[in-house]
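So you can see what is in the structure, the chains are spelled out below.
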Amino acid sequence: MTEDLAQIGELLDAGDVAGAVRLLRLHAERAPLPEIAALLNRAATGAGFDELVTATGAVLADPGNAQALYNTGYECIERGVPGIAVPFLTAALTRAPGNRAVITELVAAYEDGYRYGDAVAVLEANQEHLSDWPDRYLLAFNCLMSGDVDKARRYTGTLSTPDDGWAHGKRRLDGMLARIDRIPGPLDRQALRGWHFALNAAILTAVSPYGHDEGMNGRYAFVQDSPAECRHTLHRLGALLAALDRRPASVSLLPDRSSRILGLAAATMLHLPAQPWQPGGGDTVVVAYDLSALGGDVLAPLRERAGGELLVEHASCWTSPPRVAADVTGLLHQSIVEPWGERLMATPDGQPHRTPADDRPEEAIAAGIVAAAPTDEVPPGDTEADLLSFAAAVAGAWPSSEPHRDRMWSPGPVPSSYFT
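Residues numbered from 1 in each chain as written. Predicted model: local features only at pLDDT ≥ 70, side-chain atom pairs only at ≥ 80, totals over all residues. Heavy atoms only, no water.

Participant: Go over helix α14 (residues 227-243) with me, naming the residues and quoting the values.
Facilitator: Across its 17 residues, α14 extends 24 Å between first and last C-alpha, which sits within 8% of the 24 Å expected from 1.5 Å per residue. Counting buried positions along α14 gives 12 out of 17 residues, so the element sits mostly inside the fold. Buried within α14 are the following residues: A228, E229, C230, H232, T233, L234, R236, L237, G238, A239, L240 and L241. Backbone geometry just after α14 places D245 at a positive phi near 55°. (Helix = DSSP H or I, 4+ residues; strand = E, 2+ residues; numbered from the N terminus. Expected span 1.5 Å × (residues − 1). Buried < 20%, exposed > 50% of the residue type's maximum accessible area, 1.4 Å probe, protein only.)

Right, dumping it as structure tokens:
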């Protein structure tokens, strides 16, 4: 451990704050807290994070100060390093037992790090200090996100009726638990399609064949997308609509270039007219390439579910989930390059180089998607028949009847390897 901390210090000496923080995340819970605080203070100083500098400085001045420890943990979460927040918030809770602010902030740190079971353990150990909303709601929710359905049902059943501020939380839990009752087959730690539907009321059309049993469990890490993969999503969308007797009148084109390209291809493949997207327009398929790439001016109205409107997202980022969950998801990725974007390629002798983005008209690129050869990489359990069998089983709860779309919840009980 001494050598690891010394290496972090050397990185800071060299001005490599990002590299130091990456290592710090790996060792924060195993090293002495004062040493972590000192290194974090140096990193925050180098990055210009004044609030974190002040918080860690207070910890260094008084390592037993619960407020200083809490402030440091809070600032770590704000800066996107929840793993470093955990030891500070754990220490704060030791010095301020039962403090609800510290408990819920520690739970938030665990949630941000996908450590739902640890969040449950903290909440269960402090039940006498919890209120129903949001504390015991968080307990039920994290039970569900960790895959413990029975415990989630039990805790949900004990919740009081929330006021208007938390009514959405009760609807969220009730909706997730009701959808679970419809899902065919076991909901284990590889049931990606099942859990994606349970958490998001969304049908996942494709499971990744790469590294499925080596830690990916159906998700992608880095993807250089292809016209064939886009066509695969749209083909399966058409199969879903036909099998479930959904008959939209049009395809709506969102304003960004990638979504317009995909929407034009969808219109051709679904034999529907394409029209510019209008908020609140019903009886249409709204096609997005990647919702995470859209601004709030588009996402905000998409949260309102218009009658007969289906929201389709081809490529959904599972590590930074979009603020709006689609009704149909093509694939789940951590990082993606569009087929028409600048791409990393290799020369015949293996040298890497970048090819420029495809600046052809959107209609021409969309035509290439329609004409692409079907993909032949289909993992076991992900044939079109498998997808349609799943869709038939959950059809009574799809699409959701909720008037407002929730954010996308991910990863939930199915883990996947990812880049840090």
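Participant: Please set out the pattern of salt bridges residue by residue, giving values where relevant.
Facilitator: One pass over the structure, following the stated rule, counts 21 salt bridges. Ionic pairing is found between R136 and D132, a salt bridge with its closest N-O pair at 3.2 Å. Linking R136 with D132, this pair stays in helix α9 (residues 132-145), spanning four residues, or about one helical turn. Take D132: its relative accessible area is 18%, and that puts it in the buried class. When salt bridges that share partners are traced, they join R305, E309, D327 and R405 into one network. (Salt bridge = Lys/Arg side-chain N within 4 Å of Asp/Glu carboxyl O.)

Participant: Go over the sheet that holds strand β4 (residues 274-276) with me, naming the residues and quoting the values.
Facilitator: Strand order in this open sheet of six strands is β1-β7-β6-β5-β3-β4, and the pairing throughout is parallel. Two strands bound the open sheet, and with one partner strand each, they are β1 (203-204) and β4. By the bridge criterion, two bridges tie β1 to strand β7 (residues 328-333) in an arrangement that is parallel. The partner of L204 across the bridge, within β7, is T329. (Pairing = 2+ DSSP bridges.)

Participant: How would you explain the pairing of strand β9 (residues 343-346) if you had to name every residue and give the values?
Facilitator: By the bridge criterion, four bridges tie β9 to strand β10 (residues 352-355) in an arrangement that is antiparallel. Bridge pairing in β10 places A346 opposite P352. The turn linking β9 back onto β10 is made up of five residues, and G350 within it adopts a positive phi angle of 90°.

Participant: An account of helix α10 (residues 149-157) is requested, with residue identities and associated values reported.
Facilitator: Taken as a whole, α10 has its buried residues at V149, K151, A152, Y155 and T156. Each buried residue of α10 sits inside an arc of 160° when the element is viewed along its axis, so together they form one side. Residues D150 and G157 are exposed on α10 and point more than 90 degrees away from its buried face. Of the surrounding secondary structure, the elements contacted by the buried residues of α10 are α8 (116-125), α9, α11 (167-180) and α12 (192-200). At the N-terminal end of α10, a side-chain oxygen is found 3.1 Å from the backbone nitrogen of K151, two or three residues along, and the residue is D148. (Arc of directions from axis to C-beta. Contact = heavy atoms within 4.5 Å. Polar contact = N/O pair within 3.5 Å; in protein donor to acceptor, adjacent residues only side chain to side chain.)

Participant: Please give an account of the packing of aromatic side chains that cites residues and values.
Facilitator: In total, this model carries 12 aromatic pairs according to the counting rule given. Residues F197 and F390 carry aromatic rings whose centres are separated by 6.0 Å and whose planes lie at 85° to one another, so their mutual orientation is edge-to-face. With F197 in helix α12 and F390 in helix α18 (residues 384-394), the pair connects residues that are 193 residues apart, well separated along the chain. Owing to a relative accessible area of 0%, F197 belongs among the buried residues under this scheme. With a relative accessible area of 7%, F390 lands in the buried category. Here a set of aromatic residues connected by ring pairs shows up, and it is made of W133, Y137, F141, W166 and W409. For the cation-ring pair, R154 lies above Y155, with the distance from its terminal atom to the ring centre recorded as 5.6 Å. Over the ring of W318 we find R219, and its NZ or CZ is 4.8 Å from the ring centre. (Phe/Tyr/Trp six-rings, centres within 6.5 Å; stacked < 30°, edge-to-face > 60°. Lys NZ or Arg CZ within 6 Å of the ring centre and 35° of its normal.)

Participant: Mind laying out the nonpolar core, listing which residues take part and the relevant values?
Facilitator: Membership of the largest hydrophobic core comes to 116 residues, with the highest contact counts inside it found for I84, F88 and W195. For this core, the leading source of residues is α9, giving nine residues. I84 has contacts with V21, L24, R25, A28, L40 and C76, leaving out every residue within four places of it along the chain. (Core = buried A, V, L, I, M, F, W, Y, C linked by side-chain atoms within 4.5 Å.)

Participant: I'd like a rundown of unusual backbone geometry, residues and numbers included.
Facilitator: The omega torsion of the bond from W133 to P134 falls at 5°, within 30 degrees of zero and hence cis. Here P134 is to be found in helix α9. Cis rather than trans, the peptide bond between W398 and P399 has omega equal to -10°. By secondary structure assignment, the location of P399 is in the segment after α18. Within the chain, D245 stands out as a residue other than glycine whose phi angle is a positive 55°. Residue position: D245 is located in the loop between α14 and β3 (250-253). Its identity is not glycine, yet H271 carries a phi of approximately 60°, on the positive side. Relative to the helices and strands, H271 is located in the loop between α15 (257-270) and β4. Here H271 falls in the exposed class, since its relative accessible area comes to 71%.

Participant: Tell me about the packing of helix α7 (residues 100-112) against α8, and please be specific about residues and values.
Facilitator: Their axes nearest at 8 Å, the elements α7 and α8 cross at an angle of 165°. Taken together, the axes of α7 and α8 lie roughly antiparallel to each other. Here the hand of the crossing between α7 and α8 comes out right-handed. Across from I103, L106, V107, Y110 and E111 in α7, the residues of α8 making contact are Y116, D118, A119, V122 and L123. The residue makeup of the contact of α7 with α8, split by class, is eight nonpolar, no polar and two charged. (Axes fitted to C-alpha atoms, helices over the stretch in contact; angles between N-to-C directions. Parallel < 35°, antiparallel > 145°, perpendicular 65-115°, else oblique. Left-handed = near helix turned anticlockwise from the far one by under 90°. Nonpolar A, V, L, I, M, F, W, Y, C, P; charged D, E, K, R; others polar.)

Participant: Report on the environment of P273, specifying residues and quantitative values.
Facilitator: With respect to the helices, strands and loops of the structure, P273 is situated in the loop between α15 and β4. A sequence separation of 112 residues divides P273 from A385, and the C-alpha atoms of the two residues are 28 Å apart. Other than its neighbours up to four places away in sequence, P273 contacts A249, S250, V251 and A267.

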